[in-house]
2 protein chains.
Amino acid sequence: MATLPPIAHREYEARVHRAQDLMAKAGLDAVLATSEYNFRYFTGDIGQSPYQTTRPRCILIPAKGKPVGLVARGIDQALVDTTWVTEVRSWPGPNPADEGVSAIVSAICDLTSDQSRIGIEMGPESRLGLPLADFMRISGLIGERQFVDGQVPVFLPVKQIKSTAELARIRTACQIVSSGFAALPGELRLGDTEVEACRKLEALCFERGIDKTPKITGISGRGGHFRTFAGPTQRQLGAGDILFIDAGCTVDFYWCDFNRHFAFGSVDPATAKAYELIWEATEAGIKAVKPGVTASHVWREMNDVIVRAKGAGTTNSFGRMGHSMGLTTTELPSISPLDETVLVPGMTLNIEPSTLYESHYDGSVKLMVHEEDVVVTESGCEVMTRRAPLSIPVIIASN
Amino acid sequence: MATLPPIAHREYEARVHRAQDLMAKAGLDAVLATSEYNFRYFTGDIGQSPYQTTRPRCILIPAKGKPVGLVARGIDQALVDTTWVTEVRSWPGPNPADEGVSAIVSAICDLTSDQSRIGIEMGPESRLGLPLADFMRISGLIGERQFVDGQVPVFLPVKQIKSTAELARIRTACQIVSSGFAALPGELRLGDTEVEACRKLEALCFERGIDKTPKITGISGRGGHFRTFAGPTQRQLGAGDILFIDAGCTVDFYWCDFNRHFAFGSVDPATAKAYELIWEATEAGIKAVKPGVTASHVWREMNDVIVRAKGAGTTNSFGRMGHSMGLTTTELPSISPLDETVLVPGMTLNIEPSTLYESHYDGSVKLMVHEEDVVVTESGCEVMTRRAPLSIPVIIASN
């Protein structure tokens, strides 16, 4: 595990204060954060489990004053002992008949006045961290108070600007996985399966100090591949194959997320040409990132490179050419023609242009997609990943 | 990665048929599965990402006939190519303004009649895999049809009985991590931090073929520990310490989840005594598991062992002494005095008794909790983990 100083209690406090500022602007009297990653964001919870389906963990942030943790009994004191949170209410769980419902209702009623508007995870890309039926019961038990969306006014903007400590984690993940990717050609062999190739990358990253390797997608095909997900499989890598690996890995719960390509035996000219074009499109995307421009501007700069080379309609973006990331991947904004989010320093962006091309071998449709992780700085951006090589590394050795 | 034959398409088809049988009993006209693990359960999706917050993936299972995948464009053909699903509808995503809402509404309206009752994740321990606002919009656009809970009548029971292929994955995870735990004392040193100790276990499990190690909780203290979560930290392990590691690891997305103890320098008598008692309580739990008994019966058998030794009120269970697991950990049933679920062959159970005791050193309250993973068989149960040693292994060597 990469050793970084723990995130300071005052940073969590500052996150809550920023949330309260955003709540004031949006006219919210409180927010209730229920998802695992929102709970972690505000509390500093060091629980390892990705799901808390039995005993949800929530934090209620009033308009002013300290937040209140809402957890099952037994977790309450742990939260006080291991995080900055000092106010906790609990219930005897697990108890599916009342899994925090009464405790959450009474906390809301005690901390907010009648007719309060309480933000909760509702809006785009958010997830509720409670059973829906429990949310409905809570909604019916808080009098004239009502739940409204907390995602757009509070959760999204508060998390979008990463702190120095958050960036240290993301940057460390980017650097470890970059180093792992760089070492991978020395480990890959003709005859490896996609699964074996992905395992080799995981081993290299693990040796170098990555915490977790949750998303290691590997996809291959002769003269290129067509997907960025739904792999790896037991397909064996042979001469003429291109292997694409997309690595989402974490350090202290913060993600990196980027991909690299590897060729077996040789690189066919169609793939080489597409690789070069998308490398240049990535470069254009990186150059476009600076405070004040929109996510859609970054999309257009990359799109222009592709359209100039290949004509209109040749960009394949599955709706976008990148996104952001933090305690989850992916996060908003999307680098899409529709997303008018204005970039500000501290935002992370995954610069991810793509194009379709025809296989050198059989004319079938292939996808070329690159990805680099950057953070917006005062004057432009810092590329946190080690830039992809100018051409695809070629593996010659066989098992 | 442990190599197991892929789960056959006919098994996914059988899961859907079982769901349809349960739907008929419950009077449901369809179920919409939205959470990542429910989607995976019915489709066999091999996407690696634990979250799909940008582009939700759903499957609509009508009362009769084939299920329909509902995914963003670009994922549609992948689902057809890589899973057994043949019917897919898609939308151009990401598009937060209509992230599948219209596509889901039209699929529901096409496949179900007016006034249909559609099960979705609502009930105990379920999670909705869509933004709440999108769920609400969908609810308002399907006419007189209504969403009702699908968790209790369908999702829970259909997933509770594990197939041979599912058990092969869970058993493999149990065996790999058992082997890793057995080898760990040879790697641990006085002076290691909790984090380092956990990393050593992860490395041993990784070498032995575990896929992922999402939850490796390590907690230590002089003469015992008090928690089962909120760790590991940079605390250094010294003479008199007891280290508790709880390992939730996966093979092909299926979990094992169990813990082990390690002593440094020596084992104090209070800890040794509590360890022995809870080993015996675990044994009683294992012996109690058989078809036809309830989860609460297993709880009582373990509780009796503890109460006989220490008197009433000495069981510390945080509300339960175990649970089930599968594509997530934890899953229902809970091994609690309240849970009257009747055990049937194919159910997994995490047998997890605990008690509080006083530290030999300072009289502070400590927690002793063991855990073994079993599956209910026709005549009793199979213990899938390698049984914990009869006494705590003691690490003498220092760094």
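Residues numbered from 1 in each chain as written. Chains lettered and ligands numbered in written order. Predicted model: local features only at pLDDT ≥ 70, side-chain atom pairs only at ≥ 80, totals over all residues. Heavy atoms only, no water.

A short note on the overall build of chain A
Helix and strand counts for chain A stand at ten helices and 17 strands. Principal-axis analysis of the C-alpha atoms places the extent of chain A at approximately 70 × 40 × 35 Å. The buried share among the 399 residues of chain A stands at 63%. Of the contacts formed within chain A by residues at least 6 apart in sequence, a portion of 68% connects residues at least 24 apart. Accessible area for chain A stands at about 13700 Å²; split by element, carbon and sulfur atoms hold 53% of it. Between the averaged position of the 39 positive side-chain charges in chain A and that of its 47 negative side-chain charges there is a distance of 1 Å. (Helix = DSSP H or I, 4+ residues; strand = E, 2+ residues; numbered from the N terminus. Buried < 20%, exposed > 50% of the residue type's maximum accessible area, 1.4 Å probe, protein only. Contact = heavy atoms within 4.5 Å. Areas by Shrake-Rupley, 256 points an atom, 1.4 Å probe, with all protein chains shown as cover. Lys, Arg positive; Asp, Glu negative; His and termini not counted. Charge placed at Lys NZ, Arg CZ, Asp CG, Glu CD.)

Description of the interface of chain B and chain A
Chain B puts 72 residues into the contact, and the matching count from chain A is 72 residues. When the two sides are added together, the surface that chain B and chain A hide from each other amounts to roughly 5900 Å², 58% of it contributed by carbon and sulfur. The largest per-residue losses of area from chain B upon contact with chain A belong to Y51(B), R127(B) and R199(B), which jointly make up 13% of the total buried on that side. Our count for the contact surface shared by chain B and chain A stands at four salt bridges. Ionic pairing is found between K212(A) and E202(B), a salt bridge with its closest N-O pair at 3.1 Å. On inspection of chain B and its partner chain A, the count reaches 27 residue pairs in polar contact (both at pLDDT 80 or more). Of all elements in the fold, only helix 2 (36-43), helix 3 (76-82), helix 5 (132-140), helix 8 (194-207), strand 7 (212-222) and strand 11 (329-331) of chain B reach the threshold of two or more residues within the side of chain B that touches chain A. Among the elements that make up the side of chain B that touches chain A, the one with the highest residue count is strand 7 of chain B (six residues). Of the residues contributing to the side of chain B that touches chain A, the split by class is 31 nonpolar, 26 polar and 15 charged. (Buried area = accessible area lost by both parts, 1.4 Å probe. Salt bridge = Lys/Arg side-chain N within 4 Å of Asp/Glu carboxyl O. Polar contact = N/O pair within 3.5 Å; in protein donor to acceptor, adjacent residues only side chain to side chain. Nonpolar A, V, L, I, M, F, W, Y, C, P; charged D, E, K, R; others polar.)

Points about the sheet that holds strand 11 of chain B
All names here are of chain B. On the basis of which strands lie adjacent, the open sheet formed by five strands has the order 11-10-12-15-16 and antiparallel pairing. Each end of this open sheet is capped by a strand with a single partner; those strands are strand 11 and strand 16 (381-383). Neighbouring strand axes in the sheet, compared pairwise and without regard to direction, differ in orientation by 45° on average. (Pairing = 2+ DSSP bridges. Axes fitted to C-alpha atoms, helices over the stretch in contact; angles between N-to-C directions.)

Considering the pairing of strand 4 (residues 87-91) of chain B
All names here are of chain B. Examined bridge by bridge, strand 3 (residues 68-72) and strand 4 share five bridges and lie parallel to one another. If you follow V71 over to strand 4, its bridge partner there is S90. What joins strand 3 to strand 4 is helix 3, and the crossover it makes is right-handed. (Right-handed = clockwise from strand over helix to strand, strands pointing away.)

Topic: unusual backbone geometry
In the segment running from G231(A) into P232(A), the intervening peptide bond is cis, with an omega of 10°. Of note, the amide linkage connecting L332(A) to P333(A) takes the cis form, showing an omega dihedral of 10°. With respect to the element layout, P333(A) can be found in the loop between strand 11 (329-331) and strand 12 (348-351). If you check the backbone angles, E125(A) has positive phi at about 65° while not being a glycine. Within the fold, E125(A) resides in the loop between strand 5 (117-120) and helix 5 (132-140). Despite not being glycine, A230(B) shows a phi value in the positive range, around 60°. Relative to the elements of secondary structure, A230(B) occurs in the loop between strand 7 and strand 8 (241-251).

Quick word on the relation of the copies chain B and chain A
Between the two copies, chain B and chain A, the superposition gives an RMSD of 0.0 Å; the rotation angle is 180° and the shift along the axis is 0.0 Å. Both copies are brought into coincidence by an operation consistent with a two-fold rotation axis. Minimal C-alpha separation from the rotation axis in chain B is found for L128(B), amounting to 3.5 Å. Both copies contact each other with a shared surface, as 100% of the interface residues of chain B are interface residues in chain A too. (Least-squares fit on C-alpha atoms with pLDDT ≥ 70 in both.)

A word on the sheet that holds strand 17 (residues 394-395) of chain A
Residue and element names in this part refer to chain A. The four strands are arranged 7-8-9-17 in an open sheet whose pairing can be described as mixed. Edge positions in the open sheet fall to strand 7 (212-222) and strand 17, since each of these has one partner strand only. Of the pairings in the sheet, the one linking strand 7 to strand 8 (residues 241-251) comprises nine bridges and is antiparallel in character. Looking across to strand 8, one finds that R222 is bridged to D241. Across the face of the sheet, helix 8 (residues 194-207) comes into contact with strand 7 and strand 8 while running at roughly 140° to strand 7.

As for the packing of aromatic side chains
The geometry of an aromatic ring pair is captured by two quantities: the separation of the ring centres and the angle between the planes. Residue and element names in this part refer to chain A. Following the criterion strictly, the structure yields 13 aromatic pairs over all chains and no others. Between the aromatic rings of F42 and F155, the centroid separation amounts to 6.3 Å while the plane-to-plane angle is 55°, which identifies the pairing as tilted. Remark: F155 occurs in helix 6 (residues 151-160) and F42 occurs in helix 2 (residues 36-43); sequence separation between them is 113 residues. When its relative accessible area of 0% is taken as the criterion, F155 is described as buried. Within the aromatic cluster, the residues linked to one another by ring pairs are Y41, F42 and F155. Sitting over the face of the ring of W279, R387 holds its NZ or CZ atom 3.8 Å from the ring centroid. (Phe/Tyr/Trp six-rings, centres within 6.5 Å; stacked < 30°, edge-to-face > 60°. Lys NZ or Arg CZ within 6 Å of the ring centre and 35° of its normal.)

Some points on the confidence of the model for chain A
Averaged over all residues, the pLDDT of chain A equals 95, while 99% of them reach at least 70. Interface confidence in the predicted complex, given as ipTM, is 0.96; pTM for the same model is 0.97. (pLDDT = per-residue confidence, 0-100.)

Quick look at the nonpolar core
If you look at the biggest cluster of nonpolar residues, it comprises 172 residues, and the most contacted ones within it are F42(A), F147(A), L32(B), F42(B) and F147(B). Residues within four places of F42(A) in sequence aside, it is in contact with Y12(A), R15(A), V16(A), A19(A), A33(A), I59(A), I61(A), W84(A), F155(A) and V158(A). Within the second largest apolar cluster, 31 residues are counted, among which are A274(B), V289(B), V374(B) and A388(B). (Core = buried A, V, L, I, M, F, W, Y, C linked by side-chain atoms within 4.5 Å.)

Overview of the side chain of T43(A)
Residues and elements named next belong to chain A. Note on placement: T43 falls in helix 2. With relative accessibility at 0%, the residue T43 sits in the buried group. A distance of 3.0 Å separates a polar atom in the side chain of T43 from the backbone nitrogen of D45.

Considerations on the pattern of salt bridges
By the definition in use, this model includes 38 salt bridges over all chains. Between K215(B) and D257(B) there is a salt bridge, and its shortest N-O distance comes to 3.0 Å. One end of the pair, K215(B), is in strand 7; the other, D257(B), is in strand 9 (residues 254-264), and 42 residues separate them in sequence. For the pair shown, K215(B) and D257(B) are each scored as buried. A single salt-bridge network, built from bridges that share partners, covers R260(A), E283(A), E372(A) and R387(A).

Concerning the pairing of strand 5 (residues 117-120) of chain B
Residue and element names in this part refer to chain B. Direction of pairing for strand 1 (residues 30-33) relative to strand 5: parallel, over a ladder of three bridges. Paired with L32 across the strands is I120, a residue of strand 5. Summarising the sheet, strand 5 and strand 6 (residues 146-149) pair through four bridges and their orientation is parallel. Bridge pairing links I118 to F147 in strand 6. Tracing the backbone out of strand 5, into helix 5 and back to the parallel element strand 6 gives a crossover that is right-handed.

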